[in-house]
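# Inside the fold
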Amino acid sequence: MPDDDLPPRDGVALLASRLLNTRFVVRAPIVLFRWGLGFVFAGRLMMLTHRGRASGRRRYAVLEVVERPSRDAVVIASGFGERAQWYRNLEAEPRCLVSVGVRTDVPAVARLLSDDESAAALDRYAARYPRSWKELRRAITDATGDAHSKIPIVRLELRPAGPTGTTVGPDSP
């Protein structure tokens, strides 16, 4: 995972880091997903529906898709590390729902990847989207204050659709 070639701090990176720390901005895409309009993000973003580890209540997070190894697998990164609430909730309860592209509320199971698997996934992302990676890495560094923070990766295994088109599995995470 290339860290040493971070772009210099500029207005775009500072704005991005501030936006990442602004609850209203980060939560705004949830409304679009809940209205069934998540397809407008062309699969680059997905909505994760998970359970609060203490409250048991439904929680929502819209996250960037790092990669799609298959139709029924989505890989996401926790830019705020292991302290991100959604990450901690998946650690406690890996069953969740995923909305990505035209698929909505598909039951899935989360698997937290090892450090080596996470680094490999981020290397693939950096190779595929070098400009986006540099800006994202700078924004994460500015938001967290740590240029060398570990970015954990989660693989979500979506349950395939049954013969009638309905998704096999529980109705809620």
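Numbering of residues starts from 1 in every chain and runs along the sequence as written. In keeping with the predicted nature of the model, local features appear solely for residues at pLDDT of at least 70, side-chain atom pairs appear and are counted solely at 80 or more, and the whole-chain, interface and lining totals rest on all residues. The basis for every side-chain value is the complete set of non-hydrogen atoms in the structure, without hydrogens or water.

Turning next to helix α4 (residues 115–128). Over its 14 residues, α4 runs 20 Å from end to end, which matches the ideal 20 Å to within 8%, given 1.5 Å per residue. The cut-offs for exposure are 20% and 50% of the maximum accessible area for each residue type, with area from a 1.4 Å probe on protein chains only; residues under the lower value are buried, those over the upper are exposed, and the others partly exposed. Labels follow the DSSP assignment, with helices taken as runs of H or I lasting at least four residues and strands as runs of E lasting at least two, numbered in each case from the N terminus. Along α4, the residues classified as buried are S118, A121, L122, Y125 and A126. Along the axis of α4, the buried positions cluster into a sector of 140 degrees, meaning they face one direction only. Those residues of α4 that are exposed and angled more than 90 degrees off the buried face are D116 and A127. In a helix, the anticipated span is given by 1.5 Å times the number of residues less one. It is the directions from the helix axis to the C-beta atoms whose arc is reported.

Our next topic: the pattern of salt bridges. Pairs may arise between side chains of opposite charge once their charged atoms sit close together. When a carboxyl oxygen of Asp or Glu is within 4 Å of a side-chain nitrogen of Lys or Arg, the pair counts as a salt bridge. For the structure on display, the rule yields nine salt bridges. A salt bridge links R124 to E67; its shortest N-O distance comes to 2.6 Å. You can see R124 sitting in helix α4 and its partner E67 sitting in strand β2 (residues 58–70), a full 57 residues away along the chain. The buried category is assigned to E67, whose relative accessible area is 14%. Note that R111 is salt-bridged to E117, the shortest N-O span being 3.4 Å. Looking at R111, the relative accessible area reads 41%, which means it is partly exposed. On the basis of relative accessibility, which here comes to 33%, the residue E117 falls in the partly exposed class. Connected via shared salt-bridge partners are E67, R124 and R128.

As a further point, take the sheet that holds strand β4 (residues 95–100). The strand order β1-β2-β3-β6-β5-β4 describes a closed barrel built from six strands, whose pairing is antiparallel. Averaged over all pairs of adjacent strands, the angle between their axes in this sheet comes to 45 degrees, without regard to strand direction. As paired elements, strand β1 (residues 45–51) and β2 share seven bridges and run antiparallel to each other. Its bridge partner lying in β2, L45 is registered against E64. With respect to the sheet, α4 is in contact with β2, β5 (103–112) and β6 (153–158), its orientation differing from that of β2 by roughly 75 degrees. For two strands to be treated as a pair, DSSP must find at least two bridges joining them. All axes are obtained by fitting lines to C-alpha atoms, using only the stretch in contact for helices, and the reported angles, taken between N-to-C directions, cover 0 to 180 degrees. By the convention used here, residues are in contact when the closest approach between their heavy atoms is within 4.5 Å.

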